[in-house]
Amino acid sequence: MKILGISGSPRKADRSGVHKLVQTVLDNTGFDYDFVSLKGKTIAGCIACLGCVKDNICKVEDDLFNLRDKIVEADAYVVGAPNYYSTFNATTHAFLERWFQFRHQEGDTLWGKLGVAVGVGGTSGQFPADEIEKFFLYNFVETVAKVTGQGAASCYTCGHGETCKVGIPHLLHGEGFKITDDIIPDVTKQPEVITSAVEAGKLLGQRLGQEHDRMAVTKKMQGRMMAMFESAV
Ligand SMILES: Cc1cc2nc3c(=O)[nH]c(=O)nc-3n(C[C@H](O)[C@H](O)[C@H](O)COP(=O)(O)O)c2cc1C
């Protein structure tokens, strides 16, 4: 069993809450993993060229091309993304959009696999975690856990954070605050968030360690997907 971890944050590992939480989940599964950061990678969104229809292989030659084998070979995914404008960031969106290549002609490459969705935001990581769960569902990948935390908005270090009226610090602390290390959010200072990342990793490991019946998971996800569409009409 092998797990693929993806951090969609464009920040350096030591500054990124997403990176830290994805790493924590991966470290607690008990299985081998690959961890890929999308920082600095060029991944465009799907261009609907339909070049993948015949063989389920995307023909766009950017950095996703080299990640395709890792996606195919993994039994489970830990995907994390930052909250940008109450959804997830464009790079992670593009990365997951391109999984369209696996969806043709009964393409079952991803069906029945397992996933953990990780989201971090200056206020909350719920939106990106929910979006990742939705993309997993479209590929019949079951989300076994979601992990969300609060990270440091760039406004804490941009140099104007104490006076700017549109930044997250003003939203969270009101008027007249001083930016000190104590008030800068960091997922490693949130014990309940770290615990939930550890528990998510353990749960993913347990599920992979059990007899993993991909067809049963696929059927469950198909049911959820149909229910989602029925409730939308
Ligand atoms: C373009 C942009 C938009 C953002 N929008 C939001 C937002 O709508 N809500 C929020 O809670 N945080 C928002 N943030 C803050 C990030 O989610 C926050 O910095 C988080 O820690 C990023 O995760 P990372 O540290 O792993 O990169 C935004 C940041 C950027 C750069």
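Parameters and conventions
Residues numbered from 1 in each chain as written. Predicted model: local features only at pLDDT ≥ 70, side-chain atom pairs only at ≥ 80, totals over all residues. Buried ≥ 20, exposed ≤ 12 C-beta atoms within 10 Å, placed from the backbone. Helix = DSSP H or I, 4+ residues; strand = E, 2+ residues; numbered from the N terminus. Pairing = 2+ DSSP bridges. Right-handed = clockwise from strand over helix to strand, strands pointing away. Near = placed C-beta within 6 Å. Domains from an automatic or database assignment. Contact = placed C-beta atoms within 7 Å. Nonpolar A, V, L, I, M, F, W, Y, C, P; charged D, E, K, R; others polar.

1. Considering the pairing of strand 6 (residues 142-150)
- Across the nine residues that make up strand 6, a large majority, seven, are buried.
- Pairing between strand 5 (residues 114-121) and strand 6: eight bridges, direction parallel. What sits directly across from glycine 115, in strand 6, is threonine 143.
- In this region the chain leaves strand 5, passes through helix 4 (residues 126-138) and returns to the parallel neighbour strand 6; the handedness of that crossover is right-handed.

2. Observations concerning the site of the ligand
- Taken together, 20 residues form the shell around the ligand, and within it Val18, Pro82, Gly121, Gly122 and Gly151 come nearest.
- Contributing elements (two or more residues each) for the shell around the ligand: helix 1 (17-27), strand 3 (76-84) and strand 5.

3. With respect to the domain arrangement of the protein chain
- Split by domain assignment, the protein chain resolves into domain 1 (2-151 + 186-232) and domain 2 (153-185).
- Averaged C-alpha coordinates put domain 1 and domain 2 at centres separated by 31 Å.
- Between domain 1 and domain 2, the residue contacts involve five residues of the former and four residues of the latter.
- Classifying every residue of the side of domain 1 that touches domain 2 gives no nonpolar, four polar and one charged.

4. Describing unusual backbone geometry
- If you check the backbone angles, alanine 48 has positive phi at about 55 degrees while not being a glycine.
- One can find alanine 48 in the loop between strand 2 (32-37) and helix 2 (68-73).
- Despite not being glycine, leucine 50 has its phi angle at roughly 65 degrees, a positive value.
- For leucine 50, the position within the fold is in the loop between strand 2 and helix 2.

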